[in-house]
Amino acid sequence: MAELDGFERAMPADEIEEGVMYPVEIDQEERILVKLNGEICALNGICTHEEALLADGDLEGNTIWCPLHSSGFEICTGRVTNPPAVVPLDTYDVRIEDGDVYVAIEPRPKYKEPPKQPRRRR
Ligand code: FES
């Protein structure tokens, strides 16, 4: 079994089906794996609003819906697409080694909304 510095083995890559949520534990924390358009994405498994378990929610297109108050989070970026949550989910780098999915222990920098463009006057 491969060992990758800063990563932990999650599950075999060939067990991951497109458009299905897989709850996994990395560094004793809840994470979710989702394959979307062939890319495997890893997100924190706990809602940033009031800490509900997102694996109990729904996956619809590229959105995870929280089971408690229906916040929406975009897969792969963690961006909030529907309130009441305002803080994006942490996302994590993913690597495939020897047929297994490895997830980074430390999160990527959080998603930031692009700056708003000033309105042009005519
Ligand atoms: S706990 Fe997820 S929306 Fe409130």
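In this report, the structure presented in the accompanying data block is examined. On a predicted model such as this, the values are computed, not experimentally measured, just so you know.

Overview of the overall build of the protein chain
Now for step 1: When helices and strands are counted, the protein chain shows 0 helices and 11 strands.
Now for step 2: Put simply, the protein chain runs from its N terminus to its C terminus through helices and strands in the order β-β-β-β-β-β-β-β-β-β-β.
Now for step 3: Counting every position in the protein chain, which comprises 122 residues, the buried fraction comes to 29%.
Now for step 4: Partitioning the intrachain contacts of the protein chain with sequence separation of at least 6 by distance along the chain shows that 41% fall at a separation of at least 24.

Describing the sheet that holds strand β6 (residues 63-65)
Now for step 1: In spatial order, the strands read β5-β6-β7-β8; together these 4 strands make up an open sheet with antiparallel pairing. Unpaired on one side and paired on the other, β5 (58-60) and β8 (80-82) mark the two borders of the sheet. Along the sheet, successive strands turn relative to each other by an average axial angle of 30 degrees, direction set aside.
Now for step 2: Looking at chain direction, β6 and strand β7 (residues 72-74) are connected through 3 bridges and run antiparallel. Directly across from Thr63, in β7, lies its bridge partner Glu74.

Topic: the nonpolar core
Now for step 1: Counting residues in hydrophobic clusters, the biggest one holds 24 residues, and the most contacted among them are Ala10, Leu33, Cys41, Ala42, Val101 and Val103.
Now for step 2: Of all elements in the fold, only β1 (7-12), β3 (29-36), β4 (39-44) and β11 (100-104) reach the threshold of two or more residues within this core.
Now for step 3: Excluding anything up to four places from it in sequence, Cys41 contacts Val34, Leu36, Ile75, Cys76, Thr91 and Val94.

Describing the pairing of strand β2 (residues 21-26)
Now for step 1: The pairing of β2 with β3 spans 6 bridges and is antiparallel. Across the sheet, residue Val24 finds its bridge partner in β3, namely Arg31.
Now for step 2: Taking the residues between adjacent antiparallel strands as the criterion, β2 and β3 are bridged by 2 residues, where Asp27 takes a positive phi near 50 degrees.

Quick look at the sheet that holds strand β9 (residues 91-92)
Now for step 1: A sheet is described by the order of its strands in space; here 4 strands give the open sequence β2-β3-β4-β9, paired in antiparallel fashion. Each end of this open sheet is capped by a strand with a single partner; those strands are β2 and β9.
Now for step 2: The pairing of β4 with β9 spans 2 bridges and is antiparallel. By the bridge assignment, Ala42 is partnered in β9 with Tyr92.

Thresholds, definitions, all that
- Residues numbered from 1 in each chain as written.
- Predicted model: local features only at pLDDT ≥ 70, side-chain atom pairs only at ≥ 80, totals over all residues.
- Helix = DSSP H or I, 4+ residues; strand = E, 2+ residues; numbered from the N terminus.
- Buried ≥ 20, exposed ≤ 12 C-beta atoms within 10 Å, placed from the backbone.
- Contact = placed C-beta atoms within 7 Å.
- Pairing = 2+ DSSP bridges.
- Axes fitted to C-alpha atoms, helices over the stretch in contact; angles between N-to-C directions.
- Core = buried A, V, L, I, M, F, W, Y, C linked by C-beta atoms within 7 Å.

Geometry only, nothing functional implied.
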